[in-house]
Amino acid sequence: MLKKVSALTWTAVLALGLTACGGDGKTTVELPGGGQAEVGQDGEGGITIEGPSGGVQIGTGRYPEGWPEGFPVPEGAEPVYSVGSEGGVSVWFAADQTTEELKAFFADA
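To keep things clear, this report deals only with the structure shown in the data block.

Cut-off values and rules
- The residue numbering used here restarts from 1 in each chain and proceeds along that chain's sequence as written.
- Local features in this predicted model are restricted to residues of pLDDT 70 or higher, and side-chain atom pairs are both shown and tallied only at a pLDDT of 80 or more, whereas totals for entire chains, interfaces and linings draw on every residue.
- To obtain the side-chain values, all non-hydrogen atoms of the structure were included, while hydrogens and water were left out.
- Counting from the N terminus, the helices are DSSP H or I runs at least four residues long and the strands are E runs at least two residues long.
- Only protein chains enter the accessibility calculation, which uses a 1.4 Å probe. A residue is then buried if its area is under 20% of the maximum for its type, exposed if over 50%, and partly exposed in between.
- Throughout, a contact is declared for two residues whenever any of their heavy atoms are within 4.5 Å.
- For the accessible areas, the method is Shrake-Rupley and the probe is 1.4 Å, while residue cover comes only from the protein chains on display.
- If DSSP finds at least two bridges between two strands, the strands pair.
- In this analysis an axis means a line fitted to C-alpha atoms, helices contributing only their contacting stretch, and an angle means the value between N-to-C directions, from 0 to 180 degrees.

### Some words on the overall build of the protein chain
Then step 1. If you tally the helices and strands in the protein chain, you get two helices and six strands.
Then step 2. Going residue by residue from the N terminus, the α and β elements of the protein chain occur as α-β-β-β-β-β-β-α.
Then step 3. The buried share of the protein chain, taken over its 109 residues, is 24%.
Then step 4. A sequence separation of at least 24 residues applies to 28% of the contacts in the protein chain between residues at least 6 apart.
Then step 5. Total accessible area on the protein chain is roughly 7200 Å²; 55% of this is exposed by carbon and sulfur atoms.

### Topic: the sheet that holds strand β6 (residues 88-94)
Then step 1. Pairing within the open sheet is antiparallel, and its six strands lie in the order β1-β2-β3-β4-β5-β6. Both edges of this open sheet fall to β1 (26-30) and β6, since each of them pairs with a single strand only. Across the sheet, the axes of successive neighbouring strands diverge by a mean angle of 15°, strand direction being ignored.

### Concerning the environment of E78
Then step 1. Structurally, E78 can be placed in strand β5 (residues 78-85).
Then step 2. Expressed as a C-alpha distance, the spacing of E78 and V91, which sit 13 residues apart in the sequence, is 9.5 Å.

Printed below as a string of C-alpha cells:
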C-alpha cells in the first residue's frame, strides 16, 4: 500500500510540473520501482493520471466519476476541487454556510 501511495504521490508531483509547462497531450512517466504512468490534462483544468494500479483525476471543479448519487450536499455548495480514483472520491466545496451550520447539516443528513 505504501509503495502505491508513494508512486502515486511521485507521479502527481511530476504531473504538476509537466502541466505547469503548458504541454498538451499525454506524457509517459517512468515510475520509481518500475512501470509507467500516462499523465495529461483533461481539458477542463484538471490532471489525469493512468498507471498500473488504475487512474485518477485531480483538480477539477466538478463531481468526479464515481460520486455517489444522493450524497447530501448543502444548498448552494459548489465543488471547487476534486479527486477521483478507482479507490474513492473526494470533493472540496465552497459554501456560504458557517462551519457550525455545515456541521449541523451533515449531522442531520
